[in-house]
Amino acid sequence: MRQIVLSTVAVALIAASASQALAAQSRPHVRRDTAVSDQTRKARDAVNPPLQPAWQYPG
């Protein structure tokens, strides 16, 4: 009985891992060019400067 439960759990884990691996392979991973994203970030910071908190921490 214990061996049946253990093998059932093992099969379920293997099936879940396999389905996740297949799902990850079906979507292409698009890597952004760091120069473009860095340029975009700097441009956005120039237009909208980061907000400063309304209060300053004294210590």
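To be clear, the structure that these remarks concern was listed above.
Cut-off values and rules
- Residues numbered from 1 in each chain as written.
- Predicted model: local features only at pLDDT ≥ 70, side-chain atom pairs only at ≥ 80, totals over all residues.
- Heavy atoms only, no water.
- Helix = DSSP H or I, 4+ residues; strand = E, 2+ residues; numbered from the N terminus.
- Buried < 20%, exposed > 50% of the residue type's maximum accessible area, 1.4 Å probe, protein only.
- Areas by Shrake-Rupley, 256 points an atom, 1.4 Å probe, with all protein chains shown as cover.
- Patch = residues over 30% accessible without salt bridge, like charges linked within 9 Å, V, L, I, M, F, W, Y side chains within 5 Å.
- Salt bridge = Lys/Arg side-chain N within 4 Å of Asp/Glu carboxyl O.

## Side note on the overall build of the protein
Scanning the protein from N- to C-terminus turns up two helices and zero strands. Here the protein holds 59 residues, and the buried ones make up 0% of them. Total accessible area on the protein is roughly 6,200 Å²; 62% of this is exposed by carbon and sulfur atoms.

## Points about a nonpolar patch on the surface
On the surface, a cluster of nonpolar side chains totalling about 440 Å² of accessible area is made up of Met1, Val5, Val9 and Leu13. A residue is classified by how much of its surface remains accessible, and Leu13, at 55% relative accessible area, is exposed.

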